[in-house]
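Structure at a glance
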Amino acid sequence: MTESPQPFLAQSNNVPESSGKSVSRLRAVDAIREATAQFGVVTGMTPHAVTGVRTRADGGWSVLVDVVELARIPDSTSVLATYRVDVDAAGELTACERLRRFTRGTTDS
């Protein structure tokens, strides 16, 4: 098994803290990479798609990851789930929770 590459910190994306210090923020693309890799290790599930990403006030990121929880035939009846995966400014997983489950053929209304 190969070791995960270290996340790249954005060079020009320093954000001042209330104490006057600046915090280097993880780039969104690296946060997605770290979140999906660590999610797979922790849950044993393979991420199917990333459907959202949002920065957090502490310099970390929340990433929405869709996975196939139950594969069925036909494929349109498979059960998918959306998980929110949080990583901190260093790219380390801090939280993971399932938000919803749905069949592949359904849409939001």
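Preceding this section is the structure that the text describes.
Analysis parameters
- Residues numbered from 1 in each chain as written.
- Predicted model: local features only at pLDDT ≥ 70, side-chain atom pairs only at ≥ 80, totals over all residues.
- Heavy atoms only, no water.
- Salt bridge = Lys/Arg side-chain N within 4 Å of Asp/Glu carboxyl O.
- Helix = DSSP H or I, 4+ residues; strand = E, 2+ residues; numbered from the N terminus.
- Buried < 20%, exposed > 50% of the residue type's maximum accessible area, 1.4 Å probe, protein only.
- Phe/Tyr/Trp six-rings, centres within 6.5 Å; stacked < 30°, edge-to-face > 60°.
- Pairing = 2+ DSSP bridges.
- Axes fitted to C-alpha atoms, helices over the stretch in contact; angles between N-to-C directions.
- Contact = heavy atoms within 4.5 Å.

Attention shifts here to the pattern of salt bridges. Taken as a whole, this structure holds nine salt bridges when the rule is applied. With a shortest N-O distance of 3.9 Å, D86 and R56 are connected by a salt bridge. A residue pair is termed long-range when its members are at least 10 positions apart, and D86 in strand 5 (residues 79-87) and R56 in the loop between strand 3 (47-55) and strand 4 (61-70) qualify at 30 residues. In this structure, the salt-bridge partner of D86 is R84, at a minimum N-O distance of 3.7 Å. Of the residues examined, D86 reaches a relative accessible area of 10% and is grouped as buried. Where salt bridges share partners, they join R56, D58, R84, D86 and E97 into one cluster.

Attention shifts here to the packing of aromatic side chains. All told, the structure shown has one aromatic pair when counted by the stated rule. Ring geometry for F39 versus Y83: centroids 5.1 Å apart, planes at 55°, classification tilted. Here Y83 lies in strand 5 and F39 lies in helix 1 (residues 28-43), a separation of 44 residues in the sequence. For F39, a relative accessible area of 0% translates into the label buried.

For the rest of this paragraph, the subject is the sheet that holds strand 5. Pairing is antiparallel in the open sheet, where four strands are placed in the order 3-4-5-6. At either end of the open sheet lies a strand with only one pairing partner, and these are strand 3 and strand 6 (93-103). Neighbouring strand axes in the sheet, compared pairwise and without regard to direction, differ in orientation by 20° on average. Pairing analysis gives nine bridges linking strand 5 to strand 6, with the strands arranged antiparallel. Note on strand 6: the bridge partner recorded for Y83 is R98. Sitting on the sheet, helix 1 is in contact with strand 3, strand 4, strand 5 and strand 6, with an inclination near 40° to strand 4.

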